[in-house]
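Structural overview for review
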Amino acid sequence: MARILVIDDVPAFTALLRMTLETQGHHVEEAHDGLSGLSTLERESFDLAIVDMMMPGLDGIELIRRLRARDTHRAPCIIAMSGGTDDFPAAFSLNLSAMHGADRVLYKPFDTSELTAAVGELLAARAA
């Protein structure tokens, strides 16, 4: 199956996504901040990255921008996740992530069926 990197600053959340995706047969790795996620993506090849928009240090928007600026044929599909805050609503996150290259946006909280459907659609499109 696919190699997936989950990047989120909440370890319990990345662990939940890992378990969900591993039960589908995917190989999943975790990064707990934007800088380590970007570093992992630059060192290793992944089919898909699931990126939280709001993280300390390097946020998801900048991570996606940097990822899309490099060699795009090696870049993974990207799902941006946003729960929004008072200062950064989810709708604003959707617009920014779309402008910066996310292939899909999931709003937290989302259920596992939304996640697995988005992952399946993006991986099928990548394989086509």
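Small disclaimer: the values here were computed from a predicted structure and weren't measured. (Residues numbered from 1 in each chain as written. Predicted model: local features only at pLDDT ≥ 70, side-chain atom pairs only at ≥ 80, totals over all residues. Heavy atoms only, no water.)

Re the UniProt feature "modified residue: 4-aspartylphosphate" (unreviewed entry) in the protein
Using the residue numbers shown here, the UniProt feature "modified residue: 4-aspartylphosphate" (unreviewed entry) corresponds to Asp52. Its place among the elements puts Asp52 in strand 3 (residues 48-52). Take Asp52: its relative accessible area is 5%, and that puts it in the buried class. Other than its neighbours up to four places away in sequence, Asp52 contacts Ile7, Asp8, Asp9, Gly60, Met81 and Lys108. (UniProt positions renumbered as here; feature names shortened; annotations may be inferred. Helix = DSSP H or I, 4+ residues; strand = E, 2+ residues; numbered from the N terminus. Buried < 20%, exposed > 50% of the residue type's maximum accessible area, 1.4 Å probe, protein only. Contact = heavy atoms within 4.5 Å.)

A look at the nonpolar core
Membership of the largest hydrophobic core comes to 19 residues, with the highest contact counts inside it found for Ile7, Leu41, Val51 and Leu63. Elements with a contribution of two residues or more to this core: strand 1 (3-7), helix 2 (34-43), strand 3, helix 3 (60-69) and strand 4 (77-82). Ignoring sequence-local partners within four residues, the contact set of Leu63 consists of Ile7, Gly34, Gly37, Leu38, Leu41, Val51 and Leu58. Formed by 18 residues, the second largest nonpolar core is a distinct cluster that contains Ile79, Leu106, Ala118 and Leu123. (Core = buried A, V, L, I, M, F, W, Y, C linked by side-chain atoms within 4.5 Å.)

Concerning the packing of helix 2 against helix 3
Between helix 2 and helix 3, the shortest axis-to-axis distance is 10 Å and the interhelical angle comes to 20 degrees. The angle between the axes of helix 2 and helix 3 places the two elements in the roughly parallel class. Considering how the two elements wind past one another, helix 2 and helix 3 form a crossing that is right-handed. For the pair helix 2 and helix 3, contact is made by Gly34, Leu35, Gly37, Leu38 and Leu41 and by Leu63, Arg66 and Leu67, respectively. Residues of the contact of helix 2 with helix 3, tallied by class, amount to five nonpolar, two polar and one charged. (Axes fitted to C-alpha atoms, helices over the stretch in contact; angles between N-to-C directions. Parallel < 35°, antiparallel > 145°, perpendicular 65-115°, else oblique. Left-handed = near helix turned anticlockwise from the far one by under 90°. Nonpolar A, V, L, I, M, F, W, Y, C, P; charged D, E, K, R; others polar.)

What about the sheet that holds strand 1?
Within a sheet, neighbouring strands are paired by backbone hydrogen bonds and run either parallel or antiparallel to one another. With parallel pairing, five strands are arranged side by side in an open sheet as 2-1-3-4-5. Looking along the sheet, the strands with just one partner apiece sit at the ends: strand 2 (27-31) and strand 5 (104-107). Sheet twist, expressed as the mean angle between neighbouring strand axes with direction ignored, is 20 degrees. As paired strands, strand 3 and strand 4 are joined by five bridges and run parallel to one another. (Pairing = 2+ DSSP bridges.)

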